[in-house]
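One-letter residues, chain by chain:
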Amino acid sequence: MGFYPNNPKKQKLTLTTAAPFSHPVYILAKPAGAHCNLACKYCYYLEKKNLYPTPDKNVMSDDVLEKFIKEYIQIQTVPYVLFTWHGGEPLMRPLSFYKRAIELQKRYADGKQIDNALQTNATLITDEWADFLKENNFLVGVSIDGPEELHNIYRRTKRSLPSFRQVMKGIEILNRHGVEWNALAVVNNVNAKHPAAFYQFFKDIGCHYIQFTPVVERLKHQADGRWFANPDENTFDAMAQFSITPDDWGNFLCDIFDEWVRHDVGNTFVQIFDATLAGWVGVEPGVCTLAKTCGHSAAIESNGDIYVCDHYVFPEYLLGNIKEKPLASIVYSKEAMRFGQAKRTQLTQECKECLWLHACNGECPRLRFTTDKYGNPGHNYLCKGYKKYFAHVAPYMDYMKRQLQLQQPPSNVMQWIREGNLNP
């Protein structure tokens, strides 16, 4: 699933100092396309192999890799560049591919700081991989959906075998080699009902950076064999069984926030909580779903095709191919700019009137397939859950905002609660 490209270390620094986020260009690279050794039932990406007629050969060539690295560095307007390697499963490519990538990054760096992030299911991690990741300072995102009984419900192999123990073995190897990693947890219709056990699991395994991604998919049979509906389709056959409900999403966030705000502020960094605080203080959030506009992170397929977003890999959202056009002309095209601004210009009336617009910004456009209270189409499916969450956290966010304005750490909120000011 998706890996947001904002380095948690930068996010932590920003929220501590209340300094504005910079605006580099982010492109998620898919070096192995939709190839993966797992077959997670909710994965929105595996079926993308149907978009390409020769999926077995759909891996990034050296020519595409070099052109991408060179031009990606050139178009940056900030002195650092983050490469995010995604999938599918990016470790389906051999270690030699990434060694070549590092070589090319050094060749074309032009004095800029180069960082790398890699999103993986961790089942293919070996000592050799971990040595390389540590040596080259990769930030690794590990997809893991909570404790074993919850993780194994949907994250299984192609033979339908559980994957949890393989993931934990990979994490153990990363820890042993001192590789920095964070967790990406997909919140679905099952694990959302167990927020306490879910959150405690990550604390128990020593994970200090956690990203929660709610899974919502609509089923709509496509002519080429794909089953998930396009973001802009008005009609669909049914909601996918694994999709989280708005009520469960709101309850899940509130329950975990109550534990976090009492005990873990400043020690455990939950991306949506940090992003909410960013919105509260008027800083660009470190997660694209809560930003004012889209277009923060495009995706490049293994053949050089570039799409507006990782979640919009559909033919109608193809911007161009890096082998045919300069990267700058693609990412700054009118189509890309129009897509990015549409998030803000196509808000429903209910959104425009909402008390929490500053924190939510209508959330992700791909989930805007319901109607608002006035009957207007294009409203976010998870709106009810977000409203419950924002209302619940508001007093604590107000306090942490004041602390930041006084140049004090937001973690003071824990003592404020212990003094009896508010009880979650």
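Here, residues in each chain are numbered from 1, in the same order as that chain's written sequence. Only residues with pLDDT of at least 70 get local features here, since the model is predicted, and only at 80 or more are side-chain atom pairs given and counted; chain-wide, interface and lining totals rely on the full set of residues. Working from all heavy atoms in the structure, the side-chain values ignore hydrogens and water.

Draft legend 1. Representation of the packing of helix 2 (residues 62-74) against helix 3 (residues 95-108). Two elements in contact, helix 2 and helix 3, have axes whose closest approach is 9 Å; the angle formed by their N-to-C orientations is 35°. Classified by chirality, the crossing of helix 3 by helix 2 is right-handed. On the side of helix 2, the interface is formed by Asp62, Leu65, Glu66, Ile69, Lys70 and Ile73, while helix 3 contributes Phe97, Arg100, Ala101, Leu104, Gln105, Arg107 and Tyr108. When residues are grouped by polarity, Ala, Val, Leu, Ile, Met, Phe, Trp, Tyr, Cys and Pro land in nonpolar, Asp, Glu, Lys and Arg in charged, and all others, Gly among them, in polar. Its residues assigned to classes, the contact of helix 2 with helix 3 comprises seven nonpolar, one polar and five charged. To obtain each axis, a line is fitted to C-alpha atoms, and for helices this fit is confined to the stretch in contact; angles are then taken between N-to-C directions over 0 to 180 degrees. Working definition: helices are DSSP H or I runs of at least four residues, strands are E runs of at least two. Numbering for both runs from the N terminus. In a left-handed crossing the near helix is turned counterclockwise from the far helix by less than a right angle, and in a right-handed crossing that turn is clockwise. Contact definition: two residues touch when any of their heavy atoms are within 4.5 Å.

Draft legend 2. Spatial organisation of helix 14 (residues 383-405). Two axes enter the definition of the bend at a residue: one is fitted to the seven residues ending there, the other to the seven starting there, and the bend is the angle between them. The principal kink in helix 14, of about 50°, is found at Ala394, preceding the proline Pro395 by one to four residues. After helix 14 finishes, the residue Gln407 shows a positive phi value of roughly 60°.

Draft legend 3. Structural detail: the packing of aromatic side chains. Pairs were defined over the aromatic rings of Phe, Tyr and Trp, the Trp ring being its six-membered one, requiring ring centres within 6.5 Å. Orientation was assigned from the angle between planes: stacked under 30 degrees, edge-to-face over 60, tilted for the rest. According to the stated counting rule, one finds 40 aromatic pairs in the structure shown. Measuring from centroid to centroid gives 6.5 Å for Trp129 and Phe132, while their planes differ by 80°, and the two rings are edge-to-face. A residue pair is termed a helical-turn pair when its members lie 3 or 4 positions apart in one helix, as Trp129 and Phe132 do in helix 4 (residues 127-135) at three residues. Residues Trp129 and Phe132 agree in their burial class; the two are buried. With centroids separated by 6.0 Å and ring planes inclined at 75°, the aromatic side chains of Tyr154 and Phe242 adopt a geometry described as edge-to-face. Here Tyr154 is found in helix 5 (residues 148-154), whereas its partner Phe242 is found in the loop between strand 8 (238-239) and helix 8 (246-263), with 88 residues between them in sequence. Judged on exposure class, the residue Tyr154 and its partner Phe242 are both buried. Placement of a charge over a ring requires the Lys NZ or Arg CZ to be within 6 Å of the ring centre, with the centre-to-atom vector within 35 degrees of the ring normal. In this structure, Arg218 packs its charged tip against the face of Phe369, placed 4.5 Å from the ring centre. The rule is simple: take the accessible area with a 1.4 Å probe, protein chains only, and divide by the maximum for that residue type; under 20% is buried, over 50% is exposed, in between is partly exposed.

Draft legend 4. Broad picture of the pairing of strand 2 (residues 80-85). In terms of burial, strand 2 is largely enclosed, as six of its six residues are buried. Along strand 2, one buried face is formed by Tyr80, Leu82 and Thr84 and the opposite face, lined by Val81, Phe83 and Trp85, is buried too. Of the pairings in the sheet, the one linking strand 1 (residues 26-29) to strand 2 comprises two bridges and is parallel in character. Paired with Leu28 across the bridge in strand 2 is Thr84. Bridge count between strand 2 and strand 3 (residues 113-120): six bridges; the pairing is parallel. The residue bridging Val81 from the neighbouring strand is Ile114, located in strand 3. Handedness of the crossover is the feature at issue here: the chain leaves strand 2, passes through helix 3, returns alongside strand 3, and the resulting connection is right-handed. Note: two strands are recorded as paired if DSSP finds a minimum of 2 bridges between them. Handedness of a crossover is defined as follows: with both strands directed away from the viewer, a clockwise route from the first strand across the helix to the second makes it right-handed.

Draft legend 5. Main features of the sheet that holds strand 10 (residues 297-300). Sheet architecture is open: ten strands sit in the order 9-6-5-4-3-2-1-10-11-12, paired in mixed fashion. With partners counted over all chains shown, the strands left at the sheet margins are strand 9 (269-270) and strand 12 (318-321), one partner each. The sheet contact formed by strand 10 and strand 11 (residues 305-307) spans two bridges and is antiparallel. Considered in strand 11, the bridge of Ala299 is made with Tyr307. In the packing of helix 2 onto the sheet, the strands contacted are strand 1, strand 2, strand 3 and strand 10, and the crossing angle to strand 2 comes to about 145°.

Draft legend 6. Representation of helix 7 (residues 195-204) in the model. What helix 7 keeps buried is the set Pro195, Phe198, Tyr199, Phe201 and Phe202. Looking down the long axis of helix 7, one finds its buried residues gathered within 150° of arc, a one-sided arrangement. Residues Ala196 and Asp204 are exposed on helix 7 and point more than 90 degrees away from its buried face. Residues of helix 7 that are buried sit in contact with helix 5, helix 6 (164-176), strand 5 (181-187), strand 6 (209-214), helix 8 and strand 9. Gly206, located one to two residues past helix 7, shows a positive phi value of around 75°. To obtain the arc, one takes the directions from the helix axis to the C-beta atoms.

Draft legend 7. Region of interest: the layout of surface pockets. Lining residues are those with an atom within 4 Å of a point, where the points come from a 1 Å grid over the protein atoms alone and group into cavities, where a 1.4 Å probe fits but cannot get out, or pockets, open sets with protein on both sides within 12 Å along at least five of seven lines. Grid points are joined across faces, edges and corners, and a volume is the space filled by probe spheres set on the points. Here the second largest pocket defines a volume of roughly 580 Å³. As for the second largest pocket, its lining consists of 28 residues, of which Asp232, Tyr312, Tyr317, Gln346 and Pro365 are closest to the centre. Elements with a minimum of two residues in the lining of the second largest pocket: strand 12, helix 11 (334-345), strand 13 (370-371) and strand 14 (377-379). If you tally residues by element for the lining of the second largest pocket, the top one is helix 11, at five residues. Class assignment for the residues of the lining of the second largest pocket results in 13 nonpolar, seven polar and eight charged.

Draft legend 8. Spotlight on the nonpolar core. The definition of a nonpolar core used throughout is a set of buried Ala, Val, Leu, Ile, Met, Phe, Trp, Tyr and Cys residues joined through side-chain atoms within 4.5 Å. Core analysis: the biggest nonpolar cluster contains 112 residues, and Phe68, Trp85, Phe212, Trp249, Ile272, Tyr389 and Val413 have the highest contact counts within it. Look past the residues within four positions of Val413 in its chain and what remains in contact with it is Val261, Val265, Tyr396, Tyr399 and Met400. Of all hydrophobic cores here, the second largest spans 19 residues; its members include Leu38, Cys40, Cys43 and Val313.

Draft legend 9. The arrangement of the pattern of salt bridges in detail. Salt bridge, as used here, is a side-chain nitrogen of Lys or Arg placed within 4 Å of a carboxyl oxygen of Asp or Glu. Using the criterion set out here, one finds 17 salt bridges in the structure. In this structure, Arg100 and Glu103 form a salt bridge, with 2.4 Å as the shortest nitrogen-oxygen distance. Remark: Glu103 and Arg100 occur in helix 3; sequence separation between them is three residues, near one turn of the helix. Lys387 is paired through a salt bridge with Glu350; the nearest N and O atoms lie 2.6 Å apart. Residue Lys387 is found in helix 14, and its partner Glu350 is found in helix 12 (residues 349-353); the two are separated by 37 residues along the sequence. Each of the salt bridges in this network shares a partner with another, and the network as a whole consists of Asp62, Glu66, Arg100, Glu103 and Arg107.

Draft legend 10. A look at the environment of Thr157. With respect to the element layout, Thr157 can be found in the loop between helix 5 and helix 6. Non-local contacts of Thr157, meaning those with residues more than four positions away in its chain, are made with Asn37, Leu38, Ala39, Pro162 and Gln166.

Draft legend 11. Geometry of the pairing of strand 1. Of the two faces of strand 1, the one holding Tyr26 and Leu28 and the one holding Ile27 and Ala29 are both buried throughout. As paired elements, strand 1 and strand 10 share four bridges and run parallel to each other. Looking at the pairing, Tyr26 lines up with Ser297 of strand 10.

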